[in-house]
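Structural overview for review
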Amino acid sequence: MPRAPAKADLPTKTCAHCGRPFAWRKKWSRDWEQVRYCSDACRRKVPALAKREDEPWQRS
Ligand SMILES: [Zn+2]
């Protein structure tokens, strides 16, 4: 029986739209680095202007 990683061990990010934390999902396994939103709904709500590659909130 395969062992799934404990939920607490999953990486998390903060949604760039709603600001809520969300955890890694299997469907994002290929492009987790690019994931910025907790859901398609949030991604759709982001203004086109904010969809640039160079996102201000990613800067330190
Ligand atoms: Zn969100």
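Throughout this description, residue numbers start from 1 for each chain and increase along the sequence as written. Restriction of local features to residues with pLDDT of at least 70 applies here, the model being predicted, together with a cutoff of 80 or more for giving and counting side-chain atom pairs; totals for whole chains, interfaces and linings are based on all residues.

**A word on the overall build of the protein**
By the criteria applied, helices consist of DSSP H or I runs no shorter than four residues and strands consist of E runs no shorter than two, each listed in order from the N terminus. Across its full length, the protein holds one helix and two strands. In the protein, the succession of α and β elements from N to C terminus is β-β-α. Buried residues in the protein amount to 2% of all 60 residues. Once C-beta atoms are placed from the backbone, any two residues with those atoms within 7 Å are in contact. The contacts of the protein with a sequence gap of at least 6 include a subset with a gap of at least 24, amounting to 26%. Counts of 20 or more other C-beta atoms within 10 Å of a residue's own C-beta define buried residues, counts of 12 or fewer define exposed ones, and intermediate counts define partly exposed ones; C-beta atoms are placed from the backbone.

**What to know about the environment of W24**
Within the secondary structure, W24 sits in the loop between β2 (21–23) and α1 (40–45). The exposure class assigned to W24 is partly exposed, which follows from the 16 C-beta atoms found within 10 Å. For W24, the residues in contact, after removing those within four places along its chain, are L10, P11 and W32.

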